[in-house]
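Spelled out from the first residue to the last, the chains are:
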Amino acid sequence: MPRINVIIPAFNEEQSIAKVVQAIPAGYVGEVIVVNNNSSDDTARRAAMAGATVLDEPTPGYGNACLKGIAYAAAKPADERPDIIVFLDGDFSDYPEEMPMLVQPIAAGQVDMVIGSRALGMRESGSMMPQQVFGNWLATTLLRWLYKARFTDLGPFRAIRLDTLLALGMRDRTYGWTVEMQAKAARQKIRYTEIPVTYRKRIGTSKVSGTLKGTVLAGYKIILTIFKYL
């Protein structure tokens, strides 16, 4: 059984974070790491009460939170260092109980990275805004044209070997994080696959797709990132 750590970036997710942590299969992961990304609410306390290790990353940005969690996991002693990192959102839109499906192909030595695809799985009506669906289609189409990569989604629910992740040299600190990982994986010819996952309406309002500014900035950054790593 590989050692697994879960990293959950969280910004003002006090309504949902405990549900996410508690839904992770008991005994399946070595540590659940919630990175409190400059929240102004009760996210950190509720995550800790649910059993997670809470790290503080005061600089806003999804990528900043992910990098903080990675640095923490990578710095562990050899006998505690995880083999696999699972990324999961803190809004309860993903189904944490589906985690073994994502990990299994990596544990079996078949691939080094697995993307949970909402496009291939079952989505609750209204769980993805039209701009999200279009953005995913555009980004994955560009990845296919420019990188010859067969992705259907930029889904946040994903698993990757820690050594592979470190070798990618992730840098993005905001909206381009997920697409950077996929573009670099394609460029470096990392073995990957997609697994259909279930997706539901998030708890609370999205900080990205829930606002016009967030949607525009995220779309711009994603497209910029795709061309940046050609």
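This write-up is about the structure you can find in this document. (Residues numbered from 1 in each chain as written. Predicted model: local features only at pLDDT ≥ 70, side-chain atom pairs only at ≥ 80, totals over all residues. Heavy atoms only, no water.)

## Notes on helix H5 (residues 130–147)
For the record, the criterion: Put simply, DSSP marks the helices as runs of H or I at least four residues long and the strands as runs of E at least two long, and each gets a number from the N terminus on. Working rule for helices: expected span equals 1.5 Å times residues minus one. When a residue's accessible area, from a 1.4 Å probe over protein chains only, is under 20% of the maximum for its type it is buried; when over 50% it is exposed; and in between it is partly exposed.
In this model, H5 (18 residues) spans 25 Å end to end at C-alpha, consistent with the 26 Å of a helix rising 1.5 Å per residue. Taken together, the buried positions of H5 are occupied by Asn136, Ala139, Thr140, Thr141, Leu142, Leu143 and Tyr147.

## Brief notes about the side chain of glutamate 180
Filter applied, for reference: Any N or O atom pair separated by 3.5 Å or less is treated as a polar contact, with the protein-specific requirement of one donor-capable and one acceptor-capable atom, and with residues adjacent in sequence counted only for side-chain atom pairs. The criterion used for residue contact is that any of the two residues' heavy atoms lie within 4.5 Å.
The residue glutamate 180 is located in helix H7 (residues 177–187) in this model. For glutamate 180, a relative accessible area of 0% corresponds to the buried category. At 3.3 Å, the side chain of glutamate 180 and the side chain of tyrosine 229 are in polar contact. Non-local contacts of glutamate 180, meaning those with residues more than four positions away in its chain, are made with Gly169, Met170, Arg171, Asp172, Thr225 and Tyr229.

## Here's the deal with the packing of aromatic side chains
Heads up, the rule is: Side-chain rings of Phe, Tyr and Trp (the six-membered ring for Trp) are treated as a pair once their centres are within 6.5 Å; stacked means planes under 30 degrees apart, edge-to-face means over 60, and tilted covers the remaining angles. Whether a charge sits over a ring comes down to the Lys NZ or Arg CZ being within 6 Å of the ring centre and within 35 degrees of the ring normal.
Applying the stated criterion across every chain, the model contains three aromatic pairs. A ring pair is formed by phenylalanine 134 and tryptophan 137, whose centres lie 5.9 Å apart and whose planes are at 35°; its orientation type is tilted. Of this pair, phenylalanine 134 and tryptophan 137 both sit in helix H5, three residues apart, which is roughly one turn of that helix. Against the face of tyrosine 199 rests arginine 118, its NZ or CZ located 4.9 Å from the ring centre. Positioned above the aromatic ring of phenylalanine 92, the side-chain terminus of arginine 200 is 3.7 Å from the ring centre.

## Comments concerning the pairing of strand E2 (residues 31–36)
Put simply, the rule reads: Here, the term right-handed applies to a crossover whose path from the first strand over the helix to the second runs clockwise when the strands point away from the viewer. Note on pairing: DSSP must find at least two bridges between two strands before they are called paired.
A large share of E2 lies buried, amounting to six of its six residues. Neither face of E2 is open: one carries Glu31, Ile33 and Val35, the other Val32, Val34 and Asn36, and all of them are buried. Handedness of the β-α-β unit built from strand E1 (residues 4–10), helix H1 (residues 17–23) and E2 comes out right-handed. Pairing between E2 and strand E3 (residues 53–56): four bridges, direction parallel. From the neighbouring strand, isoleucine 33 faces E3, where its bridge partner is threonine 53. You can see the chain leave E2, run along helix H2 (residues 43–49) and come back into E3, and the turn it takes is right-handed.

## Some remarks on a nonpolar patch on the surface
Definition in use: Patches were defined on residues exceeding 30% relative accessible area and lacking a salt bridge, with like-charge contacts within 9 Å and nonpolar side-chain contacts (Val, Leu, Ile, Met, Phe, Trp, Tyr) within 5 Å. With residues, only the protein chains shown are counted as cover, and all accessible areas are computed by Shrake-Rupley using a 1.4 Å probe. A side-chain nitrogen of Lys or Arg and a carboxyl oxygen of Asp or Glu constitute a salt bridge if their distance falls within 4 Å.
Taken together, Trp145, Leu146, Phe227 and Leu230 make up a surface patch of nonpolar side chains, about 450 Å² in accessible area. As for its placement among the helices and strands, leucine 146 is situated in helix H5.

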